[in-house]
Amino acid sequence: MKNILHVSCSPRGETAESSKLAQKIIGFLRQKEPTAIVVNRVIGDGTLSHIDKDYAISQGSSADVSQEGSMAQSEELIRELEAADVVVIGTPMHNFTVPSVLKAWIDHVVRARRTFNTTRAGKVGTLRDRPVFIAIASGGRFSGERARQPDFLTPYLKAILATIGLHDLTFFSVQGTGAAPEAVVESRIEADHALQAYFSASPAITSTVLKERAI
Ligand SMILES: Cc1cc2nc3c(=O)[nH]c(=O)nc-3n(C[C@H](O)[C@H](O)[C@H](O)COP(=O)(O)O)c2cc1C
(Lines give C-alpha, C1' and ligand atoms only; values in the text may rest on other atoms or scores of the structure.)
Protein backbone atom coordinates (compact mmCIF):
# COMPACT_ATOMS: atom_id res chain seq x y z
CA MET A 1 0.00 0.00 0.00
CA LYS A 2 1.32 3.48 -0.87
CA ASN A 3 0.93 6.62 1.21
CA ILE A 4 0.25 10.14 0.06
CA LEU A 5 0.65 12.72 2.84
CA HIS A 6 -1.53 15.77 2.23
CA VAL A 7 -0.64 18.79 4.34
CA SER A 8 -3.47 21.31 4.14
CA CYS A 9 -2.47 24.83 5.18
CA SER A 10 -5.31 27.22 4.33
CA PRO A 11 -7.60 28.58 7.06
CA ARG A 12 -10.36 28.26 4.44
CA GLY A 13 -10.23 24.47 4.58
CA GLU A 14 -11.63 22.45 1.70
CA THR A 15 -13.09 25.50 -0.05
CA ALA A 16 -9.64 27.06 -0.35
CA GLU A 17 -8.13 27.55 -3.78
CA SER A 18 -4.92 25.83 -2.66
CA SER A 19 -6.93 22.86 -1.28
CA LYS A 20 -8.77 22.45 -4.58
CA LEU A 21 -5.47 22.53 -6.47
CA ALA A 22 -3.94 20.03 -4.03
CA GLN A 23 -6.97 17.75 -4.54
CA LYS A 24 -6.38 17.86 -8.30
CA ILE A 25 -2.76 16.77 -7.78
CA ILE A 26 -3.93 13.94 -5.51
CA GLY A 27 -6.43 12.96 -8.20
CA PHE A 28 -3.66 12.61 -10.78
CA LEU A 29 -1.53 10.61 -8.33
CA ARG A 30 -4.43 8.29 -7.56
CA GLN A 31 -5.07 7.67 -11.24
CA LYS A 32 -1.62 6.05 -11.23
CA GLU A 33 -2.08 4.30 -7.93
CA PRO A 34 -5.80 3.84 -7.16
CA THR A 35 -5.14 2.01 -3.89
CA ALA A 36 -2.91 4.73 -2.48
CA ILE A 37 -3.92 5.91 0.98
CA VAL A 38 -4.20 9.65 1.56
CA VAL A 39 -3.25 10.80 5.03
CA ASN A 40 -4.68 14.28 5.65
CA ARG A 41 -2.76 16.51 8.03
CA VAL A 42 -4.92 19.60 8.42
CA ILE A 43 -2.98 22.50 9.93
CA GLY A 44 -4.75 25.46 8.31
CA ASP A 45 -7.24 25.57 11.19
CA GLY A 46 -4.45 26.66 13.54
CA THR A 47 -4.61 23.59 15.77
CA LEU A 48 -0.88 22.90 15.46
CA SER A 49 0.80 24.81 18.25
CA HIS A 50 4.12 26.58 18.02
CA ILE A 51 7.15 24.79 19.42
CA ASP A 52 7.62 24.94 23.20
CA LYS A 53 10.53 25.68 25.54
CA ASP A 54 11.87 22.11 25.79
CA TYR A 55 11.86 21.78 22.03
CA ALA A 56 13.74 25.07 21.63
CA ILE A 57 16.33 23.94 24.21
CA SER A 58 16.76 20.63 22.39
CA GLN A 59 17.59 22.43 19.15
CA GLY A 60 20.40 24.41 20.73
CA SER A 61 22.07 21.61 22.68
CA SER A 62 21.95 17.88 23.18
CA ALA A 63 20.65 18.39 26.76
CA ASP A 64 18.01 15.94 27.93
CA VAL A 65 14.56 17.48 27.70
CA SER A 66 11.03 16.22 28.22
CA GLN A 67 9.89 14.12 25.30
CA GLU A 68 6.33 15.35 25.76
CA GLY A 69 4.75 18.51 24.34
CA SER A 70 6.35 19.71 21.11
CA MET A 71 8.89 16.87 21.10
CA ALA A 72 6.05 14.33 20.95
CA GLN A 73 4.18 16.39 18.36
CA SER A 74 7.36 16.68 16.30
CA GLU A 75 7.92 12.93 16.42
CA GLU A 76 4.37 12.26 15.24
CA LEU A 77 4.70 14.69 12.31
CA ILE A 78 8.13 13.36 11.31
CA ARG A 79 6.89 9.74 11.36
CA GLU A 80 3.96 10.79 9.18
CA LEU A 81 6.42 12.36 6.75
CA GLU A 82 8.73 9.33 6.83
CA ALA A 83 5.80 7.01 6.06
CA ALA A 84 4.80 9.01 2.97
CA ASP A 85 5.86 7.98 -0.53
CA VAL A 86 4.64 11.30 -1.90
CA VAL A 87 3.87 14.56 -0.12
CA VAL A 88 1.32 17.12 -1.33
CA ILE A 89 1.32 20.51 0.39
CA GLY A 90 -1.60 22.84 -0.32
CA THR A 91 -0.81 26.36 0.82
CA PRO A 92 -1.79 29.97 0.30
CA MET A 93 0.87 32.68 0.01
CA HIS A 94 0.71 34.90 3.08
CA ASN A 95 2.77 38.07 3.17
CA PHE A 96 5.06 36.93 0.35
CA THR A 97 5.85 33.58 2.00
CA VAL A 98 4.39 30.49 3.69
CA PRO A 99 1.53 31.00 6.17
CA SER A 100 2.56 30.81 9.82
CA VAL A 101 0.83 27.43 10.24
CA LEU A 102 3.12 25.91 7.60
CA LYS A 103 6.11 27.53 9.30
CA ALA A 104 4.97 25.90 12.57
CA TRP A 105 4.83 22.49 10.82
CA ILE A 106 8.32 23.11 9.40
CA ASP A 107 9.61 24.00 12.88
CA HIS A 108 8.36 20.59 14.05
CA VAL A 109 9.71 18.47 11.19
CA VAL A 110 13.08 20.18 10.66
CA ARG A 111 14.67 18.89 13.85
CA ALA A 112 18.35 18.76 14.77
CA ARG A 113 19.79 15.26 15.29
CA ARG A 114 16.57 13.78 13.91
CA THR A 115 15.80 14.99 10.38
CA PHE A 116 19.13 16.75 9.83
CA ASN A 117 22.63 16.68 11.26
CA THR A 118 25.02 19.59 11.39
CA THR A 119 28.36 18.74 9.83
CA ARG A 120 31.45 20.73 8.82
CA ALA A 121 29.91 20.98 5.38
CA GLY A 122 26.63 22.33 6.76
CA LYS A 123 23.27 20.74 7.52
CA VAL A 124 22.71 17.30 6.02
CA GLY A 125 19.23 15.82 5.79
CA THR A 126 18.43 12.34 7.06
CA LEU A 127 15.13 11.72 5.25
CA ARG A 128 14.89 9.57 2.13
CA ASP A 129 14.11 11.84 -0.82
CA ARG A 130 10.59 11.55 -2.26
CA PRO A 131 8.41 13.70 -4.53
CA VAL A 132 6.85 16.74 -2.91
CA PHE A 133 4.12 18.57 -4.83
CA ILE A 134 3.25 22.06 -3.68
CA ALA A 135 -0.09 23.64 -4.63
CA ILE A 136 -0.01 27.40 -4.07
CA ALA A 137 -2.80 29.96 -4.22
CA SER A 138 -2.00 33.66 -4.15
CA GLY A 139 -4.08 36.82 -4.37
CA GLY A 140 -1.56 38.45 -6.71
CA ARG A 141 1.07 37.08 -9.07
CA PHE A 142 4.51 36.12 -7.77
CA SER A 143 6.08 34.65 -10.91
CA GLY A 144 6.26 35.56 -14.56
CA GLU A 145 6.18 38.93 -16.28
CA ARG A 146 3.08 40.09 -14.43
CA ALA A 147 4.58 39.51 -10.97
CA ARG A 148 4.48 42.65 -8.84
CA GLN A 149 5.66 41.20 -5.54
CA PRO A 150 8.62 39.22 -4.22
CA ASP A 151 8.40 35.45 -3.80
CA PHE A 152 9.91 34.21 -0.54
CA LEU A 153 7.66 31.15 -0.59
CA THR A 154 9.11 28.89 -3.29
CA PRO A 155 12.83 29.58 -2.58
CA TYR A 156 12.21 29.12 1.13
CA LEU A 157 10.48 25.76 0.72
CA LYS A 158 13.25 24.59 -1.64
CA ALA A 159 15.93 25.52 0.88
CA ILE A 160 14.28 24.26 4.04
CA LEU A 161 12.97 20.96 2.66
CA ALA A 162 16.37 20.27 1.08
CA THR A 163 17.84 20.65 4.57
CA ILE A 164 16.03 17.50 5.69
CA GLY A 165 16.69 15.59 2.45
CA LEU A 166 13.66 16.49 0.32
CA HIS A 167 14.95 17.83 -3.00
CA ASP A 168 12.34 16.58 -5.45
CA LEU A 169 9.91 19.53 -5.37
CA THR A 170 7.32 20.42 -8.02
CA PHE A 171 5.25 23.60 -7.75
CA PHE A 172 1.83 24.33 -9.21
CA SER A 173 -0.11 27.51 -8.58
CA VAL A 174 -3.30 29.44 -9.07
CA GLN A 175 -2.09 33.03 -8.96
CA GLY A 176 -4.14 36.23 -8.93
CA THR A 177 -7.17 34.96 -6.98
CA GLY A 178 -7.87 38.58 -6.00
CA ALA A 179 -8.40 39.57 -9.63
CA ALA A 180 -11.70 39.76 -11.53
CA PRO A 181 -13.64 36.45 -11.64
CA GLU A 182 -12.88 35.90 -15.34
CA ALA A 183 -9.16 36.33 -14.66
CA VAL A 184 -9.35 33.81 -11.80
CA VAL A 185 -11.07 31.30 -14.09
CA GLU A 186 -8.22 31.89 -16.55
CA SER A 187 -5.62 31.22 -13.81
CA ARG A 188 -7.35 27.96 -12.86
CA ILE A 189 -7.33 26.89 -16.50
CA GLU A 190 -3.59 27.72 -16.69
CA ALA A 191 -2.98 25.56 -13.62
CA ASP A 192 -5.07 22.72 -15.08
CA HIS A 193 -3.01 22.82 -18.28
CA ALA A 194 0.22 22.74 -16.28
CA LEU A 195 -1.04 19.70 -14.31
CA GLN A 196 -2.21 17.93 -17.44
CA ALA A 197 1.12 18.59 -19.19
CA TYR A 198 3.16 17.46 -16.20
CA PHE A 199 1.29 14.26 -15.43
CA SER A 200 0.79 13.18 -19.03
CA ALA A 201 4.37 13.99 -20.08
CA SER A 202 5.86 12.17 -17.09
CA PRO A 203 3.76 9.08 -16.49
CA ALA A 204 6.86 7.37 -15.09
CA ILE A 205 7.33 10.00 -12.41
CA THR A 206 4.21 9.15 -10.45
CA SER A 207 3.79 5.50 -11.25
CA THR A 208 7.47 4.60 -10.91
CA VAL A 209 7.93 6.67 -7.82
CA LEU A 210 4.88 5.23 -6.12
CA LYS A 211 5.83 1.68 -7.02
CA GLU A 212 9.52 1.89 -6.22
CA ARG A 213 9.27 3.79 -2.97
CA ALA A 214 6.99 1.46 -1.10
CA ILE A 215 7.13 1.88 2.67
C1 LIG B 1 -2.80 37.13 5.94
C2 LIG B 1 -2.83 37.10 4.45
C3 LIG B 1 -1.73 37.51 3.75
C4 LIG B 1 -1.72 37.46 2.35
N5 LIG B 1 -0.60 37.82 1.68
C6 LIG B 1 -0.55 37.71 0.34
C7 LIG B 1 0.65 38.00 -0.37
O8 LIG B 1 1.67 38.36 0.18
N9 LIG B 1 0.63 37.84 -1.69
C10 LIG B 1 -0.47 37.44 -2.39
O11 LIG B 1 -0.41 37.31 -3.60
N12 LIG B 1 -1.62 37.15 -1.75
C13 LIG B 1 -1.68 37.26 -0.40
N14 LIG B 1 -2.83 36.93 0.28
C15 LIG B 1 -3.99 36.46 -0.49
C16 LIG B 1 -4.05 34.94 -0.55
O17 LIG B 1 -2.84 34.39 -0.97
C18 LIG B 1 -5.15 34.55 -1.53
O19 LIG B 1 -6.40 34.99 -1.06
C20 LIG B 1 -5.18 33.07 -1.79
O21 LIG B 1 -6.03 32.79 -2.87
C22 LIG B 1 -5.66 32.30 -0.55
O23 LIG B 1 -5.55 30.92 -0.83
P24 LIG B 1 -6.54 29.86 -0.17
O25 LIG B 1 -7.88 30.05 -0.84
O26 LIG B 1 -5.90 28.56 -0.52
O27 LIG B 1 -6.59 30.15 1.28
C28 LIG B 1 -2.86 36.99 1.66
C29 LIG B 1 -3.99 36.57 2.39
C30 LIG B 1 -3.97 36.62 3.76
C31 LIG B 1 -5.17 36.14 4.51
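Residues numbered from 1 in each chain as written. Predicted model: local features only at pLDDT ≥ 70, side-chain atom pairs only at ≥ 80, totals over all residues. Heavy atoms only, no water.

It is worth spelling out the packing of aromatic side chains at this point. Inspection of the entire model under this criterion finds six aromatic pairs. Ring centres of phenylalanine 172 and phenylalanine 199 lie 6.3 Å apart, and the angle between their planes is 20°; this geometry places the pair in the stacked category. Linking phenylalanine 172 in strand β7 (residues 169-175) with phenylalanine 199 in helix α6 (residues 181-201), this pair joins segments that are 27 residues apart in sequence. An identical accessibility class is assigned to phenylalanine 172 and phenylalanine 199; each is buried. Feature note: the residues Phe28, Phe133, Phe172, Tyr198 and Phe199 constitute an aromatic cluster, connected by ring pairs. (Phe/Tyr/Trp six-rings, centres within 6.5 Å; stacked < 30°, edge-to-face > 60°. Helix = DSSP H or I, 4+ residues; strand = E, 2+ residues; numbered from the N terminus. Buried < 20%, exposed > 50% of the residue type's maximum accessible area, 1.4 Å probe, protein only.)

Right, let's talk about the sheet that holds strand β3 (residues 86-92) for a bit. Taken in spatial order, the five strands line up as β2-β1-β3-β6-β7 in an open sheet, and their pairing is parallel. At either margin of the open sheet sits one strand with a lone partner, and together these are β2 (37-42) and β7. Going from strand to strand, the sheet's axes swing by 15° on average, the running direction of each strand aside. Lying on the sheet, helix α5 (residues 153-163) is in contact with β3, β6 (132-138) and β7; it crosses β7 at an angle near 160°. (Pairing = 2+ DSSP bridges. Axes fitted to C-alpha atoms, helices over the stretch in contact; angles between N-to-C directions. Contact = heavy atoms within 4.5 Å.)

This part takes up the side chain of serine 74. The topology assignment puts serine 74 in helix α3 (residues 70-83). Among the residues examined, serine 74 registers a relative accessible area of 0% and is labelled buried. Excluding residues that lie within four positions of it along the chain, serine 74 makes contacts with Tyr55, His108 and Arg111.

This next bit is on the UniProt feature "domain: Flavodoxin-like fold" (unreviewed entry) in the protein. UniProt annotation of "domain: Flavodoxin-like fold" (unreviewed entry) refers to residues 2-191 when read in the numbering used here. Each end of residues 2-191 is marked by a C-alpha atom, and these two atoms are 26 Å apart; helix forms 37% of the span and strand 22%. (UniProt positions renumbered as here; feature names shortened; annotations may be inferred.)

Quick look at the site of the ligand now. Taken together, 16 residues are adjacent to the ligand, and Ser10, Ser18, Asn95, Gly140 and Thr177 come closest. Between the ligand and serine 18, the relevant distance is 2.5 Å, taken from an oxygen atom to a side-chain nitrogen or oxygen of the residue. Measuring from an oxygen atom of the ligand, one finds a side-chain N or O atom of glutamine 149 at 2.8 Å. Listing elements by their share of the shell around the ligand, those giving two or more residues are α1 (17-32) and β6. (Near = heavy atom within 4 Å. Polar contact = N/O pair within 3.5 Å; in protein donor to acceptor, adjacent residues only side chain to side chain.)

This part takes up the nonpolar core. Counting residues in each nonpolar core, the largest one holds 34 residues, and the members touching the most others are Leu81, Ile89 and Trp105. Secondary-structure elements contributing two or more residues to this core are β1 (3-8), α3, β3, α4 (100-109), β6 and α5. Setting aside residues no more than four positions away along its own chain, leucine 81 makes contact with Leu5, Val87, Trp105, Val109, Leu127, Arg130, Ile164 and Leu166. Core analysis: the second largest hydrophobic core is formed by 18 residues, Phe28, Val86, Val88 and Phe133 among them. (Core = buried A, V, L, I, M, F, W, Y, C linked by side-chain atoms within 4.5 Å.)

In this section: unusual backbone geometry. Unusually for a residue other than glycine, asparagine 95 sits at a positive phi of about 50°. Following the sequence through the fold, asparagine 95 ends up in the loop between β3 and α4. At phenylalanine 96, a residue that is not glycine, the phi angle is positive and equals roughly 70°. Here phenylalanine 96 is to be found in the loop between β3 and α4.

In this structure, threonine 35 sits in the loop between α1 and β2. Classification of threonine 35 by relative accessible area gives partly exposed; the value is 49%. C-alpha separation for the pair threonine 35 and serine 70, spaced 35 residues apart in sequence, amounts to 33 Å.

Turning to α5, its buried residues are Leu153, Thr154, Leu157, Ile160, Leu161 and Thr163. The inward-facing, buried residues of α5 contact β3, α4, β4 (116-119), β5 (122-125), β6 and β7. A positive backbone phi angle near 110° is found at glycine 165, which sits one or two residues after α5.

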